[in-house]
Each structure stands twice: as structure tokens, then as C-alpha cells.
Amino acid sequence: MTADFSRRDFGKLLAGTCATAAFTQLGRSAAVAAPVAGYKAMVGVFLFGGNDGWNMVVPTDARYAAYASSRGSGIALAQSSLTPLTGSAYGLHPSLASLQAIWNEGALNAVLNVGTLYQPLTKAQYTGSPTLRPINLMSHTDEQAHWQGLRAREVNIDGFMGRLNDRAGQTAIPSLLSFGGQQLILIGKTYSPLVLPSSGALGTLSASGNSADPVIFARNAAVSAFADGSSYGAVTKATATGISDAYAQSATANTILVSTSAVDKYFVNPTTGAALTSDISRQLLRTARMIEARGTLSQSRQTFLVTHGGYDTHAGQLTTQAALYTDLGYALLGFYNAMKALGLSENVTTFTMSDFGRIYKGNAQGGTDHAWGNNQLVIGGALNAKTIHGTYPSTVLGGSDDISNDGRFIPTVSQEQYIGPIAKWHGVATADLPYVFPRWDTWSGSTLNLLKS
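Residues numbered from 1 in each chain as written. Predicted model: local features only at pLDDT ≥ 70, side-chain atom pairs only at ≥ 80, totals over all residues. Heavy atoms only, no water.

K.L.:
Go over the pairing of strand β5 (residues 108-115) with me, naming the residues and quoting the values.
P.N.:
Within β5, eight of the eight residues are buried, which leaves it mostly tucked inside the rest of the structure. Bridge analysis of β5 against strand β11 (residues 388-389) gives two bridges, and the strand direction is parallel. Looking at β11, one finds that valine 111 is bridged to histidine 389. Two elements, β5 and strand β12 (residues 413-414), share two bridges in a ladder whose sense is parallel. Paired with valine 114 across the two strands is valine 413, which belongs to β12. (Buried < 20%, exposed > 50% of the residue type's maximum accessible area, 1.4 Å probe, protein only. Helix = DSSP H or I, 4+ residues; strand = E, 2+ residues; numbered from the N terminus. Pairing = 2+ DSSP bridges.)

K.L.:
Before we move on, can you summarise the sheet that holds strand β3 (residues 83-84) with the specific residues and values?
P.N.:
If you trace the three strands from one edge of the open sheet to the other, you get β2-β4-β3, paired in antiparallel fashion. Taken across any chain shown, the strands that pair with only one partner, and hence form the sheet edges, are β2 (57-59) and β3. Across three bridges, β2 lies against strand β4 (residues 90-92) in antiparallel orientation. Bridge pairing in β4 places valine 57 opposite leucine 92.

K.L.:
Break down helix α12 (residues 415-426) for me, citing the residues and quoting the values.
P.N.:
Side chains three or four residues apart in an α-helix point the same way, a direct result of the helix having 3.6 residues per turn. With twelve residues, α12 should cover 16 Å at 1.5 Å per step; its first-to-last C-alpha distance of 16 Å lies within 8% of that length. Most of α12 is tucked away, with eleven of its twelve residues classed as buried. Among all positions in α12, only Gln415, Glu416, Gln417, Tyr418, Ile419, Gly420, Pro421, Ile422, Ala423, Trp425 and His426 are buried. Just past α12, the residue glycine 427 takes up positive phi, approximately 125 degrees. (Expected span 1.5 Å × (residues − 1).)

The structure is reproduced here in C-alpha cells:
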């Protein structure tokens, strides 16, 4: 077992308890930069399983015929069902129709054919120079690590959100927060996240029940003693201090998480007005609450991770994806509307990520298999309005962009070109960009023009 594996497993074992906050804060460097003036937040939405972005953003011009022919009737969406992105040659999946209003306001962008790259790559280079390819392509575990750690040909031991916050100012409550569990993306070299539940409250490790019961009394006494720890040596004292700090963090976080808030009313079905109950909605609602409480938390910068699973659509994709996108679209709309209500639509940028794209040609089960390049969405008032970034690939199966014969497209936009501008907008100094993005020198001259400033 490698050191990287054991560290991540340890974090996962702790996730969901207040001990997460305690243990993930141990060993944090005291040498940190001062907070940057002004407020900004970046919110990463990881779609686990490999989202089929080719059905998320679809060409609506003359290219639609090639889309329908190459994808096949079991996967292709009817052109009449697509939600137009007015002024562009693209439409959204019909179950993402709720996002059309954000596009119309100029706060939604799409990024085409983005994915893991070690360097710019042609099909000839892919075929003739295997050392230029990312390692273990199309593997869930490896491509999740590639997206989160941004090292395409190395083992990833930390993630870009963690490294970004290595350079951030410290606050009593960590400004790197996850409602999607403990993930590689959160691990820095000197900084670690606060992992919070998407529902319910944080609790202590004490036993519940009748405190007069000898077993429960002994358990609680032991926890209290361990949380003091001052008489048991330096290691125990350090651990105890972490646990005590975690309990204090829990008390602060619980007040925010479980109280009703002015942002709650925006997380409703836009048609029926019913409260949203999906897990992605709960995660983004709690993200909105933590942003609303930024003053109480003394945080001028915040970084969030939320996650949405179920995108490994090897069969029955049309039905599965429709349900997933309905939940995702409503949650993203609610979150954007909450940011507008807080006067922060230009201060918060939300962006999607996923393991990989999927094969263009549908399989016999009405699904799609693992592939490479993919389409992503970005939301925020600071974006350049109504912009489609990148280049849609040739849909000729086996053609110049396809490494197979069924539509595994080589990305033409790297993760660094996509996420780098968001990190710069968030406040990462120019000198720190190579630290956050290990391959920054390869891509720094060709990043996307996503944001106004």
C-alpha cells in the first residue's frame, strides 16, 4: 500500500464525522499568506461516472445531421427537443432547460472537448508516441485522479483545490469545504478541507442515551479526557487540540447548516414551487448557506466541492440522463438565483468536471462506453456573456479526432486551459500558478478567455 493510498483512505474513513475536521487540520502549515481583499468563491461540481457531455451540449446547425447519424437512434436527441442557447449554434439537453434563463442573462458558458492532456496531441502523435498520452486513459479511478490532481502521467498525491488553498489565508473554519465527501481534489501539501454532510448536523463522538448508564458514562468520560489530553504528552495533546478545535468548528458550522436561511427559498422546482430534495440540491443549498455566512466566518475567499453520481451510463442512457440532468439543472438554477439574491452572482463561479466523456456511438444497450474528450458548463456573472469555448470535434467515426472507430475524441482543451482562468480570477497569484497546476508552463499561453477580469 502506498503512502498516498493510505492517506486518502484514512480521510475517507473519517469523512462524515466531526473528527474529519480535527484530523485533516493536523500538520497544517502555519506559514500562510494574508487574505486577499474582496470576496470570491469557486464551486466545483464533479459528475462522477463519466458524464456524456455530447448530449449535454449539442450542435443545432448543419452539424446536427452528423451528430444524429454517428450517435444512433438509441442515443441521439431529437433536434426539436433541444433547448436553444440563443445566438449560438448549440442547444442544451431538454432536461437542462432550466439553465436557459442563466444563458439568457449572460452567465452560462460551455466548454467543448475538454479533457486530460499531457501536451497538445494529434491523432498521429497519439498513435506513434505513447509517452505523450495520459496514463491509464478511460479508467474511472485514474481519470478522476487526473481531473482532480492535474498530473496526467504521474501518480497524483494531492489535488488542485488543496494546493490552491495551500497559498490561501487561514480562517477559524477552513475556507476549503466539501459537501461531496473526502476526495483527492481537496488534499493539499499543507492545507486540508472541512468535510461537511449534505444533510443532518455534525455530531461529536460521544455515546448517546442515558448518561447515568455506566457504559455510556465511561465512553463520554473517555472522549472528554482525550479531547483534553494535556497530561498525556505532545502527540496526544496535539490530537486533543485538533479534536477540541473540531468541536468548536462543528458548533459554528451546525448553526449555519441546520438553520433556515434566506437562500432556501430559491431551491425549488421552477414549475411546481416544491422544495428540491435531491442530494445535489442539498449540497448546493448548504454551499449557498456557507457563502451567505462568509462574513461570520471571516472568509474573503471560499472554495467548494459538490458531487453528483450516477453518470456511468452503459445502458438506458436516455432515461438515466434525463433524471440526472433534471436534478442537476434545478440545483444549479437554485444556486445561481441564491447568489443573485445575495448580490454575489459576479463573485461566485461554478464549473463542472467529470471522469471523462463517453463514446459518441451508442451501444446495443442504449448506452455509451468510456471515452475521453467531453463538454463542460460554467456558471457565474463574471463570465464573458453567452460564449461557447473550444472546438467541437469532427463527428466522423474513425476520423481525425477519433482514436477508435466509434467516437473516442482527443481533447483539444486541457483541464489547465479550462480551470486555470477560474483559479486566476479566484485570486491565485501568477507566481503560484505552476504550484497549483503542475503543467502550467505547457498551457499558460493558451488558456480560455472565460472571465471578464
